[in-house]
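Residue-level structural notes
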2 protein chains.
Amino acid sequence: MFKEITNTIKKYNSFIITSHVSPDGDALGSSIALGLALKKLGKKVIYNIDPSLGDKLSFLTDITQLSPNKNINKYDVAICLDCSDINHLYDSNSIKHGEQIINIDHHINNHRYGSINFIDSKAGATGEIIYDLIKQLGVDVDKDMAIALYTAIVTDTGGFKYSNTTSRTHLITSELLKLPISPWKINKKLFDEHSKSKIFLIGKAMNSLRLYFNGKLALIQIDLNDLEEVGATPGDIEGIINYGRDIIGVEVAVLIKENKPGEYKVGFRSNEYIDVGEIALSLGGGGHIRASGCTMRGNIDDIIEQLKEIISKKL
Amino acid sequence: MFKEITNTIKKYNSFIITSHVSPDGDALGSSIALGLALKKLGKKVIYNIDPSLGDKLSFLTDITQLSPNKNINKYDVAICLDCSDINHLYDSNSIKHGEQIINIDHHINNHRYGSINFIDSKAGATGEIIYDLIKQLGVDVDKDMAIALYTAIVTDTGGFKYSNTTSRTHLITSELLKLPISPWKINKKLFDEHSKSKIFLIGKAMNSLRLYFNGKLALIQIDLNDLEEVGATPGDIEGIINYGRDIIGVEVAVLIKENKPGEYKVGFRSNEYIDVGEIALSLGGGGHIRASGCTMRGNIDDIIEQLKEIISKKL
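What counts and how
Residues numbered from 1 in each chain as written. Chains lettered and ligands numbered in written order. Predicted model: local features only at pLDDT ≥ 70, side-chain atom pairs only at ≥ 80, totals over all residues. Heavy atoms only, no water. UniProt positions renumbered as here; feature names shortened; annotations may be inferred. Helix = DSSP H or I, 4+ residues; strand = E, 2+ residues; numbered from the N terminus. Core = buried A, V, L, I, M, F, W, Y, C linked by side-chain atoms within 4.5 Å. Buried < 20%, exposed > 50% of the residue type's maximum accessible area, 1.4 Å probe, protein only. Contact = heavy atoms within 4.5 Å. Polar contact = N/O pair within 3.5 Å; in protein donor to acceptor, adjacent residues only side chain to side chain. Buried area = accessible area lost by both parts, 1.4 Å probe. Salt bridge = Lys/Arg side-chain N within 4 Å of Asp/Glu carboxyl O. Phe/Tyr/Trp six-rings, centres within 6.5 Å; stacked < 30°, edge-to-face > 60°. Axes fitted to C-alpha atoms, helices over the stretch in contact; angles between N-to-C directions. Parallel < 35°, antiparallel > 145°, perpendicular 65-115°, else oblique. Left-handed = near helix turned anticlockwise from the far one by under 90°. Nonpolar A, V, L, I, M, F, W, Y, C, P; charged D, E, K, R; others polar.

Per the UniProt record, the feature "domain: DHHA1" (unreviewed entry) sits at residues 229-312 of chain A. For residues 229-312 of chain A, helix accounts for 33% and strand for 31%, while the C-alpha atoms at its two ends are 33 Å apart.

Here the focus is the nonpolar core. Among the nonpolar cores identified, the biggest contains 104 residues, and A:L34, A:I134, B:L34 and B:I134 are the most heavily contacted of them. With residues up to four places along the chain from it excluded, the contact list for A:I134 reads A:A33, A:L34, A:A37, A:V139, A:V141, A:M145 and A:L149. In this structure, A:L201, A:I220, B:L201 and B:Y243 belong to the second largest nonpolar core, which totals 36 residues.

Time to look at the environment of A:R210. Residue and element names in this part refer to chain A. Relative to the helices and strands, R210 resides in strand β6 (residues 210-212). Judged by relative accessible area, which is 33%, R210 ranks as partly exposed. Linking R210 and G244, residues 34 residues apart in sequence, is a C-alpha distance of 9.0 Å. With near-sequence residues (within four places) excluded, R210 lies in contact with L217, A218, L219, Q221 and I304. At 3.4 Å, the side chain of R210 and the side chain of Y212 are in polar contact. Separated by 2.3 Å, the side chains of R210 and Q221 make a polar contact.

A separate point is the interface of chain A and chain B. Between chain A and chain B, the residue contacts involve 38 residues of the former and 38 residues of the latter. Summing both partners gives a buried area of about 3300 Å² for chain A against chain B, and 62% of it is carried by carbon and sulfur. Interface area lost by chain A to chain B is led by A:K161, A:H170 and A:I199, which between them contribute 18%. Note that A:K161 and B:D192 form a salt bridge whose closest N and O atoms lie 3.3 Å from each other. On the surface where chain A and chain B come into contact, there are 13 residue pairs in polar contact (both at pLDDT 80 or more). Put simply, the parts of the chain that give the side of chain A that touches chain B at least two residues each are α6 (167-176), α7 (183-192) and α8 (196-208) of chain A. Sort the elements by how many residues they give to the side of chain A that touches chain B and α8(A) lands first, with eight residues.

Taken as a whole and judged by the stated rule, the model has eight aromatic pairs over all chains. Between B:Y212 and B:F213, the aromatic rings sit 6.4 Å apart at their centres with planes inclined by 50°, giving tilted as the arrangement. Judged by relative accessible area, B:Y212 falls into the buried class, the value being 17%. These aromatic residues form a ring-pair network of at least three members: A:Y150, A:F160, B:Y150 and B:F160.

A few words now on the packing of helix α5 (residues 143-156) of chain A against α6(A). All names here are of chain A. The contact between α5 and α6 brings their axes to 10 Å, and the two run at 155°. It follows from the interaxial angle that α5 and α6 lie roughly antiparallel. Both α5 and α6 take part in a crossing whose hand is left-handed. Within the contact between the two elements, α5 uses A146, L149, Y150 and I153 and α6 uses T169, I172, T173 and L176. A breakdown of the residues in the contact of α5 with α6 according to their chemical character gives six nonpolar, two polar and no charged.

Right, dumping it as structure tokens:
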């Protein structure tokens, strides 16, 4: 099923591997694994990866040098991984020089911008596709590739928890675990290590938590004062809204974060029946059915009343 | 490898299936799955399972009636699952009437109290062994068995995160996911749903969090007042100590919970090099290298000073 891709890889000698901006474990893990496999085939590989990576992924960049080599005009084929839109690529200008663009992704809305496109929306992660491709290329998956692919898969399936996790996800993972890797260490890095500022911020956020409408709406507030007191970094707020969403009985969780005096970033999550994408859209924002956001300005008490009114109508 | 067990199951007609007190997902899931398989073989099955189950597992007991049938003296074979010590069995008196005791477990310290013992300490969960046994019995794993076995495996491997998770764990899970089950729903029930009292208690606990010795010791305090204010149930405290342990740089986390005025339950967790089992033992408690606990009495400030002194010597 990868015939066009494997033929192209065999035919050419030098490859640039790139992915979307702010790469996550799937973008980075898929890129590293495929790059290592191509190197094993004697190909020249340039990684053109956004260096703005969180500390969580440093164990991956330790595996291989993400070439700060900026001589990126000389290559035969560009391979774009886990990126649905050419405009979301890191340094998207660079790939115009490619004779060929191979676009491999698992996002259903991929724009098919490649000269060769391989989009499998049933894959839980692009890493699953890359595993199959490496096998098709006749390369043995080694320990470093296994670490990279495990990271890719465990990231995009939320630790095998999300509904995109399939029988095949576990089958591939079963193969990866035949290599001497330590999945528990990777999981700890990705999911269970937190900065102290994040832990303190969780405390502040939980103190602000209020429930409305018989416990169906959970509202969390984080103001500039809280952020300053705990010395929060931008990433610290990530995931805190889920504490509201995961309370038994809650349908909608809202997190109001003060951006600057009088301006608030508002996040929405829902569990089963409320389309929070629609709510955010009506407030000038956007998102999906179960996760969305918008920016609101004005007096905080008025904003909360407005949000409660909008949400109460849907509950 | 199950020859003795499968022969015994084929030979006899009625079975009692039991497990340890306070059954977790592995104990309950393994029991239900094996019971369903035996029923498919036309056997009579009595579940003698501790009914003190948390709400989290109610989706499992919905699958099959856990026989409140108390006529448990009439059976041919007792099957004890996931229980290392006969004294830890729920209603251990009942199994003395058995002609045969089949003891199946994955705990390395199993006492081998059965007339047939099958102990595989390499299995991440007893559920993995039961999967193999059901196949050996020639029974097709159906949807309900798959739900029960998935629950068993995902519980004891901490969502495939713990170091007991193997290639085989994922291979079996891959097979289970061929049945039309919804792993994301099971994961949500087991790991991502919390009572509102628990969420509020996390807030209280994080407010009390203090770091000592360059951030190597994290100390969390929960007093009777906190518990009362949030309306906490005993289970709410579970896992809160991990918020301390999971802070980057922390080696030891301590959670001090007030049992009654002047009496405190103290939990310890460590990450890499401190044996907290030893610390707890020196204070009249017990546990393992990475998780332990004890009870302390006296003035809370004195207790904290004492703990800091003991721990500082090991850091």
